[in-house]
Amino acid sequence: MTTRTPNFTGWRAVILSEEDGNTGRLRRQLGLLGIAVSIQWTPLAAADLPDLVLIDADRGWDELLPFSDAAPACPVVALLGSEAPGRISFALRHGAGAMIPKPVAASAVYPALVLAVSIHAERMEARRRIDHLEERLKLRPIVFAAIVRLKAERHIDDEKAYAILRDCAMRRRMPIEQLAAFFLGGSETLREVGRCGS
């Protein structure tokens, strides 16, 4: 997957932390990148998610973020000064794609943002692919039923019936599951599907 370095101008970020020297340095650095920043130490509303979340993983609690289980709705960066396994686990559990060590150094901010955005994009693409494959898997019984029907009506074996469906779907530039559903539903007749396979 090729990843372009994002331009953060116009983005909106929320820092989930109490205000201190670290949040001050973050606010300045994010502002230089063109990011509008707000700081809060109250739970983030699911209805108003920013483009980017930075969370104090040293002191954060589960309800601060409206998502968990490493499935964040936006890129997450953890601010971490502790080496405690529980705090690292907290960051990972809430989908942190990058970490900025505390005390915050200006030079650590941009690389962490790029990494978090890239990781988030890869997660979203993987989730999209998994959803697509799961949907196709659910439709496999329809393909099987179409193969059984083709076998019975054309007196052919499994391989030939599948080849006919596959070739017809390829020629029509549609998923085999969709063609099988059309065939079983009567939208595609045996003759039309057979012509595709001949």
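Residues numbered from 1 in each chain as written. Predicted model: local features only at pLDDT ≥ 70, side-chain atom pairs only at ≥ 80, totals over all residues. Heavy atoms only, no water.

*Asks:* Any details on the overall build of the protein? Residues and values, ideally.
*Replies:* Scanning the protein for helices and strands turns up seven helices and five strands. Reading the helices (α) and strands (β) of the protein from amino to carboxyl end gives β-α-β-β-β-α-β-α-α-α-α-α. In terms of C-alpha radius of gyration, the protein reaches 25 Å, well past the compact-globule figure of 16 Å for 198 residues. Summarising its shape, the C-alpha atoms of the protein cover approximately 75 × 30 × 30 Å along the three principal directions. Residues classed as buried in the protein amount to 38% of the 198 residues present. Restricting to contacts in the protein with at least 6 residues of sequence separation, those with at least 24 account for 55%. (Helix = DSSP H or I, 4+ residues; strand = E, 2+ residues; numbered from the N terminus. Rg over C-alpha atoms; globule rule 2.2 N^0.38 Å. Buried < 20%, exposed > 50% of the residue type's maximum accessible area, 1.4 Å probe, protein only. Contact = heavy atoms within 4.5 Å.)

*Asks:* If you had to explain the packing of helix 4 (residues 140-154) against helix 6 (residues 176-185) to someone new, which residues and values would you point to?
*Replies:* Where helix 4 meets helix 6, the axes come as close as 8 Å, and the angle between the chain directions of the two elements is 55 degrees. Taken together, the axes of helix 4 and helix 6 are oblique relative to one another. For the pair helix 4 and helix 6, the crossing hand works out as left-handed. For the pair formed by helix 4 and helix 6, the contact residues are Arg 140, Ile 142, Val 143, Ala 145, Ala 146, Arg 149, Leu 150 and Glu 153 on the first element and Ile 176, Glu 177, Ala 180, Ala 181, Phe 183 and Leu 184 on the second. For the contact of helix 4 with helix 6, the per-class residue count stands at ten nonpolar, no polar and four charged. (Axes fitted to C-alpha atoms, helices over the stretch in contact; angles between N-to-C directions. Parallel < 35°, antiparallel > 145°, perpendicular 65-115°, else oblique. Left-handed = near helix turned anticlockwise from the far one by under 90°. Nonpolar A, V, L, I, M, F, W, Y, C, P; charged D, E, K, R; others polar.)

*Asks:* Lay out the environment of Phe 182 in plain terms, naming residues and giving numbers.
*Replies:* Tracing the backbone shows Phe 182 in helix 6. A relative accessible area of 30% means that Phe 182 is categorised as partly exposed. Considered as a pair, Phe 182 and Glu 83 are 99 residues apart in the sequence and their alpha carbons are 58 Å apart.

*Asks:* Which residues make up the pairing of strand 1 (residues 12-16), and what values do they have?
*Replies:* For strand 1, a buried count of four out of five residues is recorded, marking the element as mostly surrounded by other parts of the structure. Sheet analysis places strand 1 next to strand 2 (residues 36-40), joined by five bridges and oriented parallel. Residue pairing in the sheet places Leu 16 in a bridge with Gln 40 of strand 2. For the crossover that starts at strand 1, traverses helix 1 (residues 21-32) and ends in the parallel strand 2, the hand is right-handed. Note: strand 1 against strand 3 (residues 52-56), four bridges, orientation parallel. (Pairing = 2+ DSSP bridges. Right-handed = clockwise from strand over helix to strand, strands pointing away.)

*Asks:* Please give an account of the side chain of Glu 177 that cites residues and values.
*Replies:* Along the chain, Glu 177 falls in helix 6. What makes Glu 177 buried here is its relative accessible area of 4%. There is a polar contact of 3.2 Å between the side chain of Glu 177 and the side chain of Arg 140. In contact with Glu 177, other than residues within four places in its own chain, are Arg 136, Leu 139, Arg 140, Ile 142 and Val 143. (Polar contact = N/O pair within 3.5 Å; in protein donor to acceptor, adjacent residues only side chain to side chain.)

*Asks:* Got a sec to walk through the nonpolar core? Specific residues and values, please.
*Replies:* Grouped together as the largest cluster of nonpolar side chains are 22 residues, with contacts concentrated most on Leu 30, Ile 35, Leu 54, Ile 100 and Leu 113. Those elements that place two or more of their residues in this core are strand 1, helix 1, strand 2, strand 3, strand 4 (76-80), strand 5 (96-101) and helix 3 (106-138). Residue contributions to this core peak at six residues, all from helix 3. Residue contacts for Ile 35: discarding those within four places in its chain leaves Phe 8, Trp 11, Arg 12, Ala 13, Leu 30, Leu 52 and Leu 113. (Core = buried A, V, L, I, M, F, W, Y, C linked by side-chain atoms within 4.5 Å.)

*Asks:* An account of the packing of helix 1 against helix 3 is needed here, citing residue identities and associated values.
*Replies:* As a packed pair, helix 1 and helix 3 sit with axes 10 Å apart at the nearest point and diverge in direction by 60 degrees. With respect to helix 3, the axis of helix 1 lies oblique. For the crossing formed where helix 1 meets helix 3, the hand is right-handed. Between helix 1, through Leu 26, Gln 29 and Leu 30, and helix 3, the contact on the second element is made entirely by Ala 106, Val 109 and Leu 113.

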